[in-house]
Amino acid sequence: MSKKTFRESINEAIKQEMRRDENVIVLGEDVAGGAGTKGDQDAWGGPMAVTKGLAPEFGRERVIDTPITESAIIGTAAGAALTGLRPIADLMFVDFMGVCFDQIFNQAGKFRYMFGGKAVTPLTIRTMYGGGLRAASQHSQCLYPIFTHIPGLKVVIPSNPYDAKGLFVQAVRDDDPVVFFEHKMMYDDEGEVPDELYTIPFGEANFTREGKDVALISMGRTVNLCNQVADEVKKDNISCSVLDLRTLSPLDEDSILEAVDETGRVIIVDESSPRCNVATDISALISDKAFSSLKAPIKMITPPHTPVPFSPALEDLYLPSADNIKKTISNILN
Amino acid sequence: MSKKTFRESINEAIKQEMRRDENVIVLGEDVAGGAGTKGDQDAWGGPMAVTKGLAPEFGRERVIDTPITESAIIGTAAGAALTGLRPIADLMFVDFMGVCFDQIFNQAGKFRYMFGGKAVTPLTIRTMYGGGLRAASQHSQCLYPIFTHIPGLKVVIPSNPYDAKGLFVQAVRDDDPVVFFEHKMMYDDEGEVPDELYTIPFGEANFTREGKDVALISMGRTVNLCNQVADEVKKDNISCSVLDLRTLSPLDEDSILEAVDETGRVIIVDESSPRCNVATDISALISDKAFSSLKAPIKMITPPHTPVPFSPALEDLYLPSADNIKKTISNILN
Amino acid sequence: MQLNREELIKAYQGMCRIREFEDAVHEEFASGALPGFVHLYAGEEASAMGICLNLNDQDTIASTHRGHGHCIAKGCDSKGMMKELFGKKDGICGGKGGSMHIADLTKGMLGANGIVGGGPPLTCGAALTFKTKKTGNVAVCFLGDGASNQGTTAESINMASILKLPAIFVVEDNGYAEATSSDYSVGGNIVDRGKAYGLHAEKVDGTDFFAVHQAAKEAVERAKNNEGPTLLHVKLSRVYGHYEGDAITYRLDEETKDIKDNKDPIKIFKRKVTESGLLEESQLEEIEKSIKKEIEEAVSESKEAKYPVESDLLTDVYVKY
Amino acid sequence: MQLNREELIKAYQGMCRIREFEDAVHEEFASGALPGFVHLYAGEEASAMGICLNLNDQDTIASTHRGHGHCIAKGCDSKGMMKELFGKKDGICGGKGGSMHIADLTKGMLGANGIVGGGPPLTCGAALTFKTKKTGNVAVCFLGDGASNQGTTAESINMASILKLPAIFVVEDNGYAEATSSDYSVGGNIVDRGKAYGLHAEKVDGTDFFAVHQAAKEAVERAKNNEGPTLLHVKLSRVYGHYEGDAITYRLDEETKDIKDNKDPIKIFKRKVTESGLLEESQLEEIEKSIKKEIEEAVSESKEAKYPVESDLLTDVYVKY
Ligand SMILES: Cc1ncc(C[n+]2csc(CCOP(=O)(O)OP(=O)(O)O)c2C)c(N)n1
Ligand SMILES: Cc1ncc(C[n+]2csc(CCOP(=O)(O)OP(=O)(O)O)c2C)c(N)n1
Ligand SMILES: [Mg+2]
Ligand SMILES: [Mg+2]
C-alpha cells in the first residue's frame with residue numbers, strides 16, 4: 001500500500017495485467033508516442049502520460065501507436081478481442097466517440113447477442129471525460145449516459161485512485177466490452193493504493209459516507225464533491241450519505257434502494273447533460289421501486305442543457321458545485 | 001384534406017417545401033436511386049419510397065444520391081446548412097448514426113454555441129427507427145434518447161400522418177438542426193392530412209385522449225398502442241389520458257405536469273432501451289416537479305436491456321405490448 | 001489451374017450450395033414464409049469460394065449484409081443457417097441474429113454485418129491477433145463497391161498497411177450499391193486506392209473461379225510471408241435485386257439477362273472443367289442433385305423447427321452482468 | 001512570381017501577424033495567463049497565407065485544432081481572436097468557443113475544429129452550396145497529415161470527386177500527428193490517395209509562399225471552371241510542440257534547429273523578396289513593427305476585457321427553443 005495518483009494507479013493496473021497475461025495489449029494514438037520519429041520512443045504515454053513506460057517494458061508489438069482513425073482503432077481492438085486478445089483501446093477523449101461509435105455499440109457491444117451467445121469480447125476502452133480543463137465544447141463532455149443506454153456494454157467510472165485500479169483490473173479481466181471513464185481533472189488526485197493486484201467487482205456501489213437525512217448519489221469526479229458537502233453540512237447537523245455508483249452498467253440497484261430507504265430524500269449529482277442522463281435514470285428507478293420510501297421530490301444536480309463553454313468564467317458556472325448541492329439539501333429538508 | 005399514409009404525408013411535406021423554397025435540397029443514399037445506371041432514375045426514393053417522385057420534379061441537383069458515406073452525407077448537409085441551404089439529409093436507419101454521429105452532435109449541433117451565437121444551421125436529418133420489421137439488432141433500434149441527450153439538437157417523433165406533415169414542415173423551416181424520427185412500421189398508417197402546407201410548433205405535446213385515472217405518456221409509434229389501450233380499458237370504467245410528446249427536445253413540460261396533475265398516476269411507454277431513455281427522463285422530471293401530485297409509483301414500459309432480437313417470436317416479446325400496459329394500469333390502480 | 005480433383009469438387013459443391021441456398025431463400029421469402037431483410041449472394045459465388053478455399057478454420061473472414069455465400073464458403077452449416085433465417089432456436093445464432101448476423105467463430109466466420117463498412121476494422125483486429133500471437137493465419141474481409149467508399153474501409157486499409165497485418169480486403173464490385181451504380185459512386189478507382197494506401201492491389205475477374213482462387217492464393221502467401229496486406233478488386237454481378245423485394249428498375253432487363261447468360265460463375269466453371277476434362281458432366285450433376293436435396297431438407301427442417309421462447313429473451317447479452 | 005507589390009505586402013503582413021500572434025500565445029500560456037488547450041501554427045504561415053490570398057470573403061475555409069493561422073489568413077480580427085483565447089465576452093465567439101472553435105462566418109471562416117477530420121465533410125457542404133447556388137465560390141479545407149488518415153477525409157474527398165464540387169483539400173503535412181511521425185502513420189502517400197479518388201493532386205513546398213500561392217491559384221481556377229476538386233499535399237514544419245506544454249521529446253533538438261534555421265517560411269519569403277528587389281528590407285521591418293504593436297495591444301486589451309457572466313450561460317444554444 002502506498003500513496004498513488006489516479007494516473008499512477010491506472011498505469012500500474014495496466015502494467016501488472018500486461019505482465020500477468022500476454023494477451024493484454026494496448027493500442028491508440030500515441031499510447032507510447034514517438035512512432036517513426038528519431039526521438040524518444042516513449043514520448044507521451046497518451047496525452048496525460050497514463051500509459052507512459054509501457055512501451056519500453058512490453059515493446060511496440062504490445063503497445064501500439066496508431067494513426068488517427070478511431071473506427072479502425074476500436075474496430076481493431078474489437079476484432080482482436082473476438083479472436084483471442086484482451087485489448088485495451090485508448091479513445092483519448094470520449095468526445096471522439098462520434099467517429100467510431102458504430103464499432104463500439106453495433107459491433108463489440110452486440111457480437112455476443114447477435115451471434116447467439118457464442119462470442120466473447122474482452123475489450124476495454126479507456127476514455128477521458130468531463131469539464132474543468134477549459135477544453136471547450138468538443139473536449140469536455142461526459143457522454144456516459146449514451147454508453148449506459150446501450151445493452152451489451154459495461155460502463156465503469158471510478159471516483160478515486162483505489163477504485164480506479166481495482167475496477168480497471170476487473171475491466172481487463174472481464175469477458176464483456178467495458179468502457180472505462182477517467183475524469184481528466186482527476187489524474188493528479190492521490191490516494192492509498194495497494195501495490196498488488198486486486199479487483200473490484202462491477203455492479204457494487206460504495207457508500208463513501210453514511211447518513212440518514214439525505215442521500216447524495218453520484219459517480220466519478222462529482223462523488224468527491226458530494227463527500228466534501230457531506231462533511232461540510234455535518235456542522236449544521238445534517239447527515240448525508242454518499243453513494244458512489246462506481247459502475248453505471250451494471251447498476252447496483254440494491255444499494256440505491258438502500259440509500260433511499262435510509263433517508264427518504266435523494267439528490268443525484270451528475271456532471272453529464274441533463275436530458276436522458278444517469279441522474280434521470282436513477283431518479284426513475286427510485287420512483288418506480290421505492291416510491292413509498294420517499295419523503296421529498298427527487299432532485300438532480302446537473303449542468304444546464306447547453307454545450308460546455310470554454311470561458312473559465314462560464315465553465316465554473318456550468319459545472320455542478322458544492323454550493324448548488326448545499327442549497328438543494330436545505331431546500332428538500334424544508 | 002384527404003386520407004394519406006404516413007409515407008405520403010412526408011413525401012408531400014418535402015415536395016411542397018421544395019416548391020416553396022429553392023434552398024431546400026435532399027441528399028442521401030438512393031434518395032432518388034438509379035444514379036449512374038441505365039435504368040429508372042427515380043428507382044427507389046429511399047428504401048421505403050418516401051422520397052419517390054422528387055428527382056423527376058426537382059432534378060438531381062436538388063435530389064442528390066450519395067455514396068455510402070454517412071459522415072460525408074451529414075457533414076455535407078451540415079456545411080451546406082451553415083452556408084445558406086436548407087438540406088434534408090437521409091440517415092436511412094438511425095442505427096447508422098455510429099458512423100457519422102460526430103457530424104451531428106459535435107459539428108451541426110454545436111456550431112451555434114461554439115461560434116457565440118453567430119451560426120444558423122437549418123439542417124433536417126430524417127431517420128428510421130424501431131422494431132417490428134424483423135430487421136434484427138443493427139436495423140431496429142430507437143436511439144432517440146441519445147439525440148435528446150445532446151444540447152443543440154432538436155428531436156421530433158410524430159405518431160401519425162397529420163403530425164408527420166406539420167412537424168416535418170416545421171423541421172425544414174426551423175433554423176436549428178432537427179433529427180426527425182420515422183418509425184419504420186408506420187409508413188402505411190393512414191390519416192386525414194390537409195393538402196395545403198401547415199406547421200405544428202415544436203415543444204407542444206398533444207393529448208390524444210383525455211382521462212382522469214391514469215396518464216399514459218408516449219412518443220411515436222407507441223402512442224397508438226396507448227390510444228388503443230385507453231379505448232379498450234374504458235369498458236372497465238378506467239379513464240386514461242394519452243399524451244403524445246411529439247417532440248422530445250424541446251420537451252413540453254407543462255403538458256406533462258398537467259397530465260400528472262389530472263391523474264396522479266403515470267405510465268410512460270417508450271420503445272427505446274430502458275437505461276437513460278426518454279421514459280426515465282420524463283419520470284425524473286415528474287418526480288422533481290410534480291412529486292406532491294403523485295398517487296402511485298411512476299411506471300415505465302420499455303423493452304428489456306438487450307439488443308433487438310431477430311426472431312419474430314422474440315421480437316414480439318421484446319416490444320412494449322398492449323397487454324403489458326393494461327397489466328400495469330391495473331397494478332397502479334390497486 | 002493447379003487445383004486437384006478433390007478441390008475442384010469442393011469448389012463446385014460450395015458454389016452450388018450457395019446458389020441453391022439463395023434460390024430457396026428467394027422463394028421462401030416471396031411466399032411470405034421467411035421473415036426479415038435478406039440480401040442474396042447468387043451470381044457472386046466464385047468470389048466467396050475462390051477466396052475461402054485458400055483458408056483454413058483458423059483463418060477468419062468478416063462479411064457483409066450479403067453474407068450467406070461467405071458463410072457457406074467458410075464452412076458454416078447450411079441447415080443451421082437456414083434455421084437462423086427462419087428465426088428458429090436451433091439456428092446458428094439461436095434465432096437472435098438472422099440473415100445479417102450469421103456467425104460461426106469455430107469456422108473463423110466472424111459475422112455477417114448489417115453495417116456497410118463494419119467489417120474492415122474487425123478484420124484488422126483478427127489480423128492483429130494473428131500477428132501478435134504469430135499464428136501464421138490470415139484475416140479476410142469481404143466488402144462491396146459501395147462499402148469501398150465508407151471511411152472505415154480507408155482507415156482499415158491504412159491500419160493494415162502501416163502495421164503490415166496479414167489481411168486481405170476483397171472488394172466485391174457487383175456494379176451497384178443498392179440502386180446506385182459504382183460508376184457513379186466510386187471516385188477514381190478501387191485498385192489505385194489500395195495502392196495509394198500502400199497495399200498490393202489488383203483487379204480480378206469475379207466470374208472466373210480460377211482467377212479469384214489464384215489471386216487469393218498469392219495474397220494469402222504474401223500475408224503469411226509477412227509481406228503485408230492485399231486488396232483484390234473482384235468484378236462480378238448479383239443475380240437478384242439489392243434485397244428481396246427490390247423491383248430492380250434501375251437495371252435494364254437485358255443487363256439481368258446478360259448476367260444470367262454470360263456472367264454466371266457456376267456455368268462458367270462448369271464449362272471450363274468439363275471442356276478441359278477435369279471433371280465429368282455426370283459428376284457435376286450428381287453434386288447438384290445432392291446439394292439440392294440438402295437445401296430442400298434445410299428448408300423443411302427449418303419450417304418445422306421451434307422458435308425461441310420467453311426465457312431466451314434475456315440471455316446472451318453479457319457473459320456475466 | 002506574378003504577385004504585385006500590394007499583394008506581397010499583404011502576404012508578409014499576414015505571415016507576420018500569424019507568427020506574432022502565436023509567439024504571444026506561447027508566452028501567455030507559459031506564464032499561466034491564458035487558459036485552455038492551444039495548438040500553435042508558427043512555422044506553417046506560408047500555407048495559410050498562400051492559400052487564403054487566393055480567396056475572397058465569400059469563399060470558405062474549414063480549419064483544424066491548429067487554426068489560428070487559418071483564421072488570421074482568412075481575415076479574422078486578431079484582437080477578437082486573442083480575446084476569445086482569453087475567454088472574454090468580447091471574443092470572436094463570445095468566449096464560448098476558445099482556441100479550437102474560432103469562427104467568423106462573415107469572413108467565410110467556418111470554424112477551427114476540435115475533431116481531427118471534422119472539417120472535410122463540412123467543406124463538401126459549403127462547396128455544395130456554391131455549386132447549387134452557382135455562386136462561383138470555392139470551399140477550402142485545411143487538414144493535417146494525421147487527419148489525412150481519418151475516414152471522414154476519404155469520404156469527403158470521394159464526395160467532392162463524384163459531385164465535382166468546387167473544393168480544395170489542403171493537407172498540411174508537418175511530419176507529425178501529435179508525437180507520431182507521418183512516415184509511420186501514412187500508408188502509401190497522400191498525393192496518390194488524392195488521385196486514386198479522382199482528384200487533381202500535387203505536392204507543394206510549404207516553406208515557399210510562392211509555391212503554395214501558385215498551386216492554390218490553379219486549384220481555385222479549376223474549381224471555378226467546374227473542373228473538380230484538388231488535393232494539395234503541402235510539406236512544412238511546426239516550430240512549437242503539438243500543443244502548448246508538449247516537451248517535444250520525439251523530435252531531436254537538431255531537427256527543431258533545422259526547422260527554425262532553414263524551414264521558416266517568413267525568413268524564406270523575406271530573403272526572396274528582398275534579394276529579388278520586390279520589396280525593401282526597411283519596408284518589411286516597418287510591417288514587423290506595426291504587427292508587433294497590434295498583437296501587443298491584442299494581449300493587453302484581452303487581459304483587461306470582461307468575462308461573460310451568468311446570463312450568458314444559457315444563450316446561443318438554439319435559434320429558438
Ligand atoms: C453504414 C450503413 N449505411 C447504409 C446501409 C444501407 N445499405 C445496406 S446494403 C447497402 C449497399 C451496399 O452496397 P455494396 O457495398 O456495393 O454491397 P452490395 O449490396 O452490392 O453487395 C446499403 C446502402 C447500411 N447497412 N449501413
Ligand atoms: C477525432 C480525433 N481524434 C484525435 C484527436 C486528438 N488530436 C488532436 S490534434 C491530433 C493530431 C493531429 O495531427 P495532424 O492532423 O497531423 O495535425 P497537426 O496537429 O500536425 O497540425 C490529435 C491526435 C482529435 N482531436 N480528434
Ligand atoms: Mg455492390
Ligand atoms: Mg501533422
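Note that the structure is predicted; figures quoted are calculated from it, not measured.

Re a negative patch on the surface
Then step 1. On the surface, Glu210, Asp254, Glu258, Asp261 and Glu262 of chain A cluster together into a patch of negative charge.
Then step 2. Inspection of the secondary structure assignment puts glutamate 210 of chain A in the loop between β9 (206-209) and β10 (214-218).

Describing the relation of the copies chain A and chain B
Then step 1. Between the two copies, chain A and chain B, the superposition gives an RMSD of 0.0 Å; the rotation angle is 180° and the shift along the axis is 0.0 Å. In the structure described here, the two chain copies are related by an operation that fits a two-fold rotation axis.
Then step 2. With an isologous cut-off of 70% or more, the 100% of interface residues of chain A that recur at the interface of chain B puts this contact in the isologous class.

Topic: the site of ligand 2
Then step 1. Near ligand 2 lie 21 residues; those nearest to it are Glu70 of chain A together with His65, Arg66, Gly114 and Asn174 of chain D.
Then step 2. Near ligand 2, the surrounding residues are drawn from chains A and D.
Then step 3. Within the backbone of glycine 114 of chain D, an N or O atom sits 2.7 Å from a nitrogen atom of ligand 2.
Then step 4. Separating an oxygen atom of ligand 2 from a backbone N or O atom of glycine 146 of chain D is a distance of 2.8 Å.
Then step 5. Its free accessible area being 580 Å², ligand 2 has 97% of it covered by the protein chains.
Then step 6. In the shell around ligand 2, the residues fall into eight nonpolar, eight polar and five charged.

Quick word on the layout of surface pockets
Then step 1. Its boundaries defined by the atoms lining it, the largest pocket holds a volume of some 910 Å³.
Then step 2. Counting only elements with at least two residues in the lining of the largest pocket, the list comes to α10 (278-289) of chain A together with α10 (278-289), β14 (299-301), α11 (312-318) and α12 (322-333) of chain B.
Then step 3. In terms of residues, the lining of the largest pocket owes the most to one element, α10 of chain A, which gives five residues.
Then step 4. Within the lining of the largest pocket, the residues separate by chemical class into 20 nonpolar, seven polar and 11 charged.
Then step 5. Looking at the second largest pocket, its volume works out to about 600 Å³.
Then step 6. In this structure, the second largest pocket is lined by 25 residues; those nearest its centre are Pro274, Arg275 and His305 of chain A together with Glu253 and Lys289 of chain B.
Then step 7. Taken together, the elements giving at least two residues each to the lining of the second largest pocket come down to α10 and β14 (299-301) of chain A together with α10 of chain B.
Then step 8. For the lining of the second largest pocket, the element with the most residues is α10 of chain B, which contributes four residues.
Then step 9. Considering only residue class, the lining of the second largest pocket consists of 12 nonpolar, five polar and eight charged.

Details of the coordination of the magnesium ion (ligand 3)
Residues and elements named next belong to chain C.
Then step 1. Taken together, the protein donors to the magnesium ion (ligand 3) comprise Asp145 (OD), Asn174 (OD1) and Tyr176 (O), at separations of 2.0 to 2.1 Å.
Then step 2. When the donors of the magnesium ion (ligand 3) are listed by position in the chain, the intervening gaps give D-x28-N-x1-Y. With a gap of 31 residues between them, aspartate 145 in the loop between β2 (139-144) and α6 (151-162) and tyrosine 176 in strand β4 (residues 176-177) connect regions that are remote in the sequence. The two residues aspartate 145 and tyrosine 176 agree in class, both being buried.

Some points on the side chain of serine 78 of chain D
Residue and element names in this part refer to chain D.
Then step 1. Inspection of the secondary structure puts serine 78 in helix α4 (residues 78-85).
Then step 2. Polar side-chain contacts of serine 78 include one of 2.6 Å to the side chain of glutamate 294.
Then step 3. The contact partners of serine 78, leaving out residues within four places of it in the chain, are Arg17, Phe21, Glu294, Ile295 and Ala298.

Focus on the interface of chain C and chain A
Then step 1. Taken together, the contact between chain C and chain A spans 38 residues of the former and 43 residues of the latter.
Then step 2. Carbon and sulfur atoms supply 66% of the area that chain C and chain A bury against each other, a total of about 3,300 Å² over both sides.
Then step 3. Contact with chain A buries area across many residues of chain C, yet Met159, Tyr318 and Val319 of chain C alone supply 17% of it, more than any other trio.
Then step 4. Applying the counting rule to chain C against chain A returns zero salt bridges.
Then step 5. Viewed at the interface, chain A and chain C are joined by 19 residue pairs in polar contact (both at pLDDT 80 or more).

Focus: the domain arrangement of chain A
Residues and elements named next belong to chain A.
Then step 1. Partitioning chain A into domains gives domain 1 (2-193) and domain 2 (206-333).
Then step 2. Summarising the inter-unit geometry, the C-alpha centres of domain 1 and domain 2 are found 27 Å apart.
Then step 3. Across the boundary between the two partners, domain 1 contributes 27 residues, which contact 26 residues of domain 2.
Then step 4. Connecting domain 1 to domain 2 are three salt bridges.
Then step 5. A salt bridge links arginine 134 to aspartate 316; the nearest nitrogen and oxygen atoms lie 3.0 Å apart.
Then step 6. Viewed at the interface, domain 2 and domain 1 are joined by 16 residue pairs in polar contact (both at pLDDT 80 or more).
Then step 7. When residues of the side of domain 1 that touches domain 2 are traced back to their parent elements, those giving at least two are α6 (144-149), β6 (154-156) and α7 (161-173).
Then step 8. Here the side of domain 1 that touches domain 2 is composed, by residue class, of 14 nonpolar, nine polar and four charged.

Considerations on the interface of chain A and chain B
Then step 1. Each side of the interface is counted separately: chain A has 53 residues, and chain B has 53 residues.
Then step 2. Buried area between chain A and chain B, both sides added, is near 4,500 Å², and the carbon and sulfur share of it is 61%.
Then step 3. Ranking the residues of chain A by area buried against chain B places Tyr113, His149 and Arg275 of chain A at the top, with a combined share of 17%.
Then step 4. Note that lysine 299 of chain A and aspartate 288 of chain B form a salt bridge whose closest N and O atoms lie 2.5 Å from each other.
Then step 5. Counting across the chain A and chain B interface gives 26 residue pairs in polar contact (both at pLDDT 80 or more).
Then step 6. Of all the elements in the fold, those that place two or more residues in the side of chain A that touches chain B are α4 (101-108), α5 (111-114), α6, β12 (247-249), α10 and β14 of chain A.
Then step 7. Residue contributions to the side of chain A that touches chain B peak at seven residues, all from α10 of chain A.
Then step 8. Of the residues that constitute the side of chain A that touches chain B, the class distribution is 27 nonpolar, 18 polar and eight charged.

A closer look at the sheet that holds β2 of chain C
In any sheet, the strands associate via hydrogen bonds between backbone groups, in a parallel or an antiparallel arrangement.
All names here are of chain C.
Then step 1. The five strands are arranged β1-β2-β3-β7-β6 in an open sheet whose pairing can be described as parallel. Every other strand in the sheet has two partners, leaving β1 (60-62) and β6 (200-205) as the edge strands with one partner each. Direction aside, the axes of adjacent strands within the sheet are offset by 20° on average.
Then step 2. In this sheet, β2 lies alongside β1 in parallel orientation, the contact comprising three bridges. Residue pairing for β2: isoleucine 61 is matched across the bridge by valine 140.
Then step 3. Here helix α5 (residues 119-133) sits on the sheet and contacts β1, β2 and β3 (167-173); the angle it forms with β2, its principal contact strand, is near 170°.
Then step 4. Packing of α6 onto the sheet brings it into contact with β2, β3 and β7 (230-235), and relative to β3 it is tilted by some 150°.

About the thresholds
- Along each chain, residue indices are assigned from 1 in the same order as the chain's sequence is written.
- Chains carry letters from A onward and ligands carry numbers from 1 onward, assigned in written order.
- Given that the model is predicted, a residue must reach a pLDDT of at least 70 before its local features are reported, and side-chain atom pairs must reach 80 or more before they are shown or counted; all residues, however, enter totals for whole chains, interfaces and linings.
- Here the side-chain values reflect all heavy atoms present in the structure, with hydrogen atoms and water set aside.
- The residues that make up patches have over 30% relative accessible area and no salt bridge, and they are joined within 9 Å when like-charged or within 5 Å when they are Val, Leu, Ile, Met, Phe, Trp or Tyr.
- Accessible areas in this description were obtained via Shrake-Rupley with a 1.4 Å probe; residue shielding takes into account the shown protein chains only.
- The rule for a salt bridge is simple: a side-chain nitrogen of Lys or Arg has to be within 4 Å of a carboxyl oxygen of Asp or Glu.
- In summary, the charge assignment counts Lys and Arg as positive and Asp and Glu as negative, without counting His or the chain termini.
- Where a charge sits is defined by one atom per residue type, namely NZ (Lys), CZ (Arg), CG (Asp) or CD (Glu).
- Secondary structure follows DSSP: runs of H or I at least 4 residues long count as helices, runs of E at least 2 residues long count as strands, and numbering of each begins at the N terminus.
- To line up the copies, we fit them by least squares on C-alpha atoms, keeping just the residues with pLDDT of at least 70 in both.
- Here a residue-residue contact requires only that any non-hydrogen atoms of the pair lie within 4.5 Å.
- We define proximity as follows: a residue is near a molecule or strand when any one of its heavy atoms falls within 4 Å of that partner.
- In protein, a polar contact means a hydrogen-donor-capable atom and an acceptor-capable atom, both N or O and within 3.5 Å, with residues adjacent in sequence counting only if both atoms are side-chain atoms; elsewhere, any N or O pair within 3.5 Å suffices.
- Each residue is assigned to one class: nonpolar for Ala, Val, Leu, Ile, Met, Phe, Trp, Tyr, Cys and Pro, charged for Asp, Glu, Lys and Arg, and polar for all the others, Gly among them.
- Definitions used for this entry: grid spacing 1 Å over protein atoms alone; cavity, a set of points where a 1.4 Å probe fits but cannot get out; pocket, an open set with protein on both sides within 12 Å along at least 5 of 7 lines; lining residue, one with an atom within 4 Å of a point.
- Grid points are joined across faces, edges and corners, and a volume is the space filled by probe spheres set on the points.
- For Na, K and Ca the donor cut-off is 3.2 Å; for every other metal, N, O and S atoms count as donors within 2.8 Å. Water does not enter the count, which can leave sites looking incomplete.
- With a 1.4 Å probe rolled over the protein chains alone, any residue whose accessible area is under 20% of its type maximum counts as buried; one over 50% counts as exposed, and the rest are partly exposed.
- Simply put, the buried area is the total loss of 1.4 Å probe accessible area from both parts when two parts are fitted together.
- As used throughout, domain bounds are those supplied by an automatic or database domain assignment.
- Think of it this way: DSSP has to see at least two bridges between two strands before they count as a pair.
- Helix axes are fitted only over the stretch in contact, all axes being lines through C-alpha atoms; the angle between N-to-C directions runs from 0 to 180 degrees.

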